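Results of the structural survey
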Amino acid sequence: MDSATVLDRRIATTWTDAEVLEGVAAIAAGPLRAAAPAIDHGHYPLDIMAELGRVGALGVHLKRHGGRLGVAIAAMEGASRACGSTGFLMWAHDVCGLYLENAGNPALSTTLLEAHAQGLAFGGTGLSNPMKALSGVESFLLRARKVANGYRVSGSLPWVSHIAPGQYFGAMAAVVDGARSVSHEILFIVRCDERVQLRPCPTFSGMEGTSTWGVRLDDLLVTPADLVADPARPFVARIRESFILLQTGMALGIIAGCLDDMRQVEPVLGRTNRFLADRPDELAAEAAELRARIMRLAETPHDGGRDYRIEVLDARIHGAELALRAAQSALLHQGARGYLAEAAPQRRVREAHFCAIVTPAIKHLRFELSKLMTDEYPS
Amino acid sequence: MSETWRQYICRACGLIYDEAKGDEDSGLAPGTRFEDIPGDWACPLCGVTKADFEPYEAPMAGAALAQPAVVTAGRRPGVVIVGGGAAGWAVAAALRAQDPDASITLVTACAGDIYNKPELSVALSRGMSADGLRRETGDQAAARLGVRLLAKIHAIAIDAGRSRLRTTGGIISYSHLVLAHGAKPALPRSLPSNLCWRVNDLGAWEQLRARMGEATQRIVIVGAGMVGCELAEDFARAGHGVTLLDVEARPLAGLLPSQASDRLLQGLTALGVRFHGGVAVTGVDRRSDGRLNVALDHGSTIAADFVVAATGLATDLRLAVSAGLLVDGGIAVDPASMRTSAPNIFALGDCVSIDGQPCRFVEPIAGQAGAIAQAITGALTGDERPASGPAPLVIRLKTRSAPITIHGAPDPQGAWRVIQDSRDGLVMEQWRDGTLRSRLAA
């Protein structure tokens, strides 16, 4: 994009909450709903992402646009109701926005961020491995060493989503000195240019339109211009709850989509569906309570207290669990028609399972809760 | 040369490269040693490089069984108890005595081993070990009582409307829920948890005991309440140098009249305990030599090998609040049935408050557990017999240098009458509205 376009659009970025949510609803009910099966099988919907950006769905969570985390979650919910893959792309895009906004370098935190926030530029996140590494589940796959004009970074990330040549993503590397001992970590932006190898991933059972690649970095020079946080841990601690809370938008949307699927067949199949567990009204009531809890948590993303962190992790787990139950129930409610290859319920079953296994997965979240709830004693 | 084939695991995706099998799709014949794989080879599943593999050893058979059980949905909802201390096990035993068929699940963050907590504050001088203190392991108790034990699982939240408990091991549905999770040491900011010990459960005591070893240690105990005074005596009798600190001028000032405090202090002093009253700790730091510095509010510092905080307990109300239960410093309960503000949730032990007062003593637990078992089994059979309330309190301070017994619940602000004060002993009483409220003997 040229900078004049950005400037023109910047004037128009006084999105109200209602405009964002109405804009998302119209996109979800129109082009996104139609494209959902194709996205599931591999179509990368950058056109739709651009539309979502235009209505503010990719920028409202940023401080410069009011830090409206709840609206961003609701926007992701609206899109995920039609297509979980697109919800996931929005999440990856949103957290990349959080990295850019924090960068000390104006090249990232002004021009690129503004284009990113409006859906004029696209980038994702490669923090799955680092989040697990910080939790003690894995070790860092990217290693950095200090050089005169920045860091040299090497290593491979198995899957990074929402990237393509010309796009970018946030990554973390462990800084190693000569003796292989890790001094700290850095968070930086990787630009997917000719220095970065993108390798095709094995075929997944769903979510194939999220443009997910294996990334290999071979002594990539990261200059201060692309550094987001050095050291990275204090920054990650600051955005950790936003990172996790934003993911709940996917779960809420998948659950809402499942309720749509169940209610769609109620006039025809209700006579026998009433013998099923997890009926739509029951699930809807539980989802409404969870949604209210998530929206309350989204008002104070920087609380940082132990009880708040426990609640955020639990809400994220609850979202994934309820999505799993809702997806199974949607398929049971629709019966054979939900089992057709292009039917929404069977796609949502795979989307709900993605919610449950994407980092941090249910098991990682429970592991983290267990650590958080174990009292510390002198070592 | 040995033909022992090794395995390597991809740190990114968990794929295992088995030297015996090779990776024929990439042209690696069976029997290709890992070190002979070309450097540009990539993980056949996720594409990371050879450098991202590390040696892998398959876990021993049965190792997975040692992990805590994962909860599965679909069980018949029964009674779920949160907490594997004396209170939780007392309810399990009382329920089992009244109903041989009751489904009982006990969820606990600890191992669920059964021990007598008050013994922790006298165990060191008696030369006891953790094994000696442990009367039964959690697994043994669970087998004896027919209880499904979920040990090392944390309770996270209660969905009271749907009668579900959310835990780190999954969701458990309940017919009745019993909260017996106790209270936690309340650490002021000046006493960081990574430098200050607390003795409130067997696990912590065992760790502290192991760290103290056999050498003579300098120990600072912060807080001269019941636990602080008992530990001070215990550590001093075990030969350690003990300094006991309190913001009040005399030990146990919140519970005892000054005549009784004086006797207690004389007893402790005779054992070599140094008591500093009227001081507050402002911070604890580790010095470069590894010892600790305890800074006091009037400017001086005390060097210590160990700092033990005995600054009181507080109930973590997060779980109760998640259920929307009435709380009042602790979880508010009806003293006759130990029922909380939710009809099918009960609470007992250190986590409750009765008329706004916490009740953190061992003595009433058996009565509370019996009342809960009766309320639950009565409810299950439709037989709503009135539950018997908890028995009157007895508090015993296990300081052998000056043992003190209190009957009843004294009012901290109430006046005491001296009945006897002689070499043979001290007897005092508290009266209100013409009735005996409390009686103390030292």
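1. Some thoughts on the overall build of chain B
- If you tally the helices and strands in chain B, you get eight helices and 30 strands.
- With respect to the principal axes defined by its C-alpha atoms, chain B has extents near 95 × 65 × 35 Å.
- Here chain B holds 442 residues, and the buried ones make up 48% of them.
- For chain B, the proportion of contacts with a sequence separation of at least 24, taken over those separated by at least 6, is 60%.
- Working note: accessible area of chain B is about 20,200 Å², and carbon and sulfur atoms make up 52% of it.

2. Quick word on the sheet that holds strand 17 (residues 281-286) of chain B
Residue and element names in this part refer to chain B.
- Across the sheet, which stays open at both edges, the three strands sit in the order 17-18-19 with antiparallel pairing between neighbours. Edge positions in the sheet fall to strand 17 and strand 19 (301-304), since each of these pairs with one other strand and no more. Each adjacent strand pair in this sheet contributes to an overall mean axis angle of 20°, direction not counted.
- Pairing geometry for strand 18 (residues 292-296) and strand 19, over four bridges, is antiparallel. Bridge pairing in strand 19 places L292 opposite A304.

3. Focus on the side chain of A:R68
Residue and element names in this part refer to chain A.
- Tracing the chain through its elements places R68 in the loop between helix 3 (46-54) and helix 4 (69-80).
- From its side chain, R68 meets the backbone oxygen of H65 in a polar contact 3.0 Å long.
- Leaving out residues up to four positions away in the same chain, R68 has contacts with W15, T16, D17, V60 and H61.

4. Details of the pattern of salt bridges
- In this structure the tally under the stated criterion is 49 salt bridges over all chains.
- Note that A:R263 and A:D281 form a salt bridge whose closest N and O atoms lie 3.3 Å from each other. Note that A:R263 is positioned in helix 8 (residues 233-264) and A:D281 in helix 10 (residues 280-297), a separation of 18 residues in sequence.
- Judged by relative accessible area, which is 41%, A:R263 ranks as partly exposed.
- Across the salt bridge formed by A:E289 and B:R162, the nearest N and O atoms sit 3.1 Å from each other. Taken together, the residues A:E289 in helix 10 and B:R162 in the loop between strand 9 (155-159) and strand 10 (164-167) connect one chain to another.

5. Some thoughts on the interface of chain B and chain A
- Contact with chain B, which involves 36 residues of that partner, is made by 33 residues of chain A.
- The contact between chain B and chain A buries some 2,900 Å² in all, and 47% of this surface belongs to carbon and sulfur atoms.
- Linking chain B with chain A are seven salt bridges.
- Here B:K184 ties to A:D375 by a salt bridge, and the two come within 3.0 Å at their closest N and O atoms.
- Put simply, chain B and chain A have eight residue pairs in polar contact (both at pLDDT 80 or more) between them.
- Those elements giving two or more residues to the side of chain B that touches chain A turn out to be strand 9, strand 10, strand 11 (170-179), strand 13 (196-197) and helix 4 (202-212) of chain B.
- When residues of the side of chain B that touches chain A are assigned to their parent elements, the largest contribution, four residues, is made by strand 9 of chain B.

Cut-off values and rules
Residues numbered from 1 in each chain as written. Chains lettered and ligands numbered in written order. Predicted model: local features only at pLDDT ≥ 70, side-chain atom pairs only at ≥ 80, totals over all residues. Heavy atoms only, no water. Helix = DSSP H or I, 4+ residues; strand = E, 2+ residues; numbered from the N terminus. Buried < 20%, exposed > 50% of the residue type's maximum accessible area, 1.4 Å probe, protein only. Contact = heavy atoms within 4.5 Å. Areas by Shrake-Rupley, 256 points an atom, 1.4 Å probe, with all protein chains shown as cover. Pairing = 2+ DSSP bridges. Axes fitted to C-alpha atoms, helices over the stretch in contact; angles between N-to-C directions. Polar contact = N/O pair within 3.5 Å; in protein donor to acceptor, adjacent residues only side chain to side chain. Salt bridge = Lys/Arg side-chain N within 4 Å of Asp/Glu carboxyl O. Buried area = accessible area lost by both parts, 1.4 Å probe.

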